[in-house]
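Per-entry structural report
Now for the letters of each chain:
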Amino acid sequence: MKNLLLSLVAILITATTTAQTNTDISPEAAKCLNELKPFAEKAKAVWQSEDGKVTFGTTPERIERYVLYLSNACNIIDKHLSSITNMDEKLDIMWGKVDLLSNILDLYDPTGISISKTEYNQFSSTKIQTLESMLRLSNGISDPIDQAITLYDIFYELGESHFESEKYTEAQLCYSACISKFNAVCTIPNIQNEVDIDVMGQKAYYKMGYVAYKLNDELVAKEYYNKAKALLDDDFIQPYK
């Protein structure tokens, strides 16, 4: 199941090295990253040999250890968050927690070796709570471009979490917020130099249509599907099912 080196593990290990040499990182954030590194390395070792040449298969014992290491990493993040006063650093580390929880949730497979449905619901709830905390924190971003893009990203991830849990009404609200942030970004002069707005709009429209499809509103689903395709027609655009 986990036959590739986790991107988050690589990020954390790189971040801890950077934190030791980069004075731009606050001591509080550096301390958090340094404490995360051992758990990132242990999580990597669950699925790969030390030299990276051997990949291990999925077993209940490996899943249990992997979840334990990533849960401990989440606890470390929670322990340090209140001491990190820089908002950008705090948001970055909270994104790290979201990635950790996403990696745990990716283990869920109702037809195979997996975390339990109860565990899935528990970690999904924690992920949603973390994203909601990030929303509140992001309201304090002063730069209008940074704020709109950050809120878009958080709402999109929140929508994905609700969608995967089949909470389509909640997902619809999040994707609607994404469309609102996309429209706000479009009004900012020279924004094309800062972000690919076509991708933002495409993803928001497409997922808004997907939610409508799941809610059996095929007319609205087709409308948003066509809006997404008109903005950017690539492999992301697939028929709803």
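Coordinates for the structure precede this section.
Residues numbered from 1 in each chain as written. Predicted model: local features only at pLDDT ≥ 70, side-chain atom pairs only at ≥ 80, totals over all residues. Heavy atoms only, no water.

Once that is clear, we can look at the layout of surface pockets. In this model, the second largest pocket occupies a volume close to 170 Å³. Considering the residues around the second largest pocket, the lining is formed by Met87, Asp88, Leu91, Asp92, Trp95, Ile141, Ser142, Asp146 and Thr150. Counting only elements with at least two residues in the lining of the second largest pocket, the list comes to helix H4 (87-105) and helix H6 (144-164). Top element by residues in the lining of the second largest pocket is H4. It accounts for five residues. Along the lines of polarity and charge, the residues of the lining of the second largest pocket split into four nonpolar, two polar and three charged. (1 Å grid on protein atoms, 1.4 Å probe; cavity = no way out; pocket = protein on both sides within 12 Å on 5 of 7 lines; lining within 4 Å. Points joined across faces, edges and corners; volume = space filled by probe spheres on them. Helix = DSSP H or I, 4+ residues; strand = E, 2+ residues; numbered from the N terminus. Nonpolar A, V, L, I, M, F, W, Y, C, P; charged D, E, K, R; others polar.)

Along the chain, Tyr168 turns up in helix H7 (residues 168-186). Taking the C-alpha atoms as reference points, Tyr168 and Met208, separated by 40 residues in sequence, lie 9.9 Å from one another. Once residues lying within four places of it in the same chain are set aside, the contact partners of Tyr168 are Phe163, Val211, Lys214 and Leu215. (Contact = heavy atoms within 4.5 Å.)

The end-to-end C-alpha distance of H4, which contains 19 residues, comes to 27 Å, matching closely the 27 Å that a straight helix rising 1.5 Å per residue would cover. The buried fraction of H4 is high, at 14 of 19 residues. (Expected span 1.5 Å × (residues − 1). Buried < 20%, exposed > 50% of the residue type's maximum accessible area, 1.4 Å probe, protein only.)

None of the figures reported here should be taken as evidence of function without further support.
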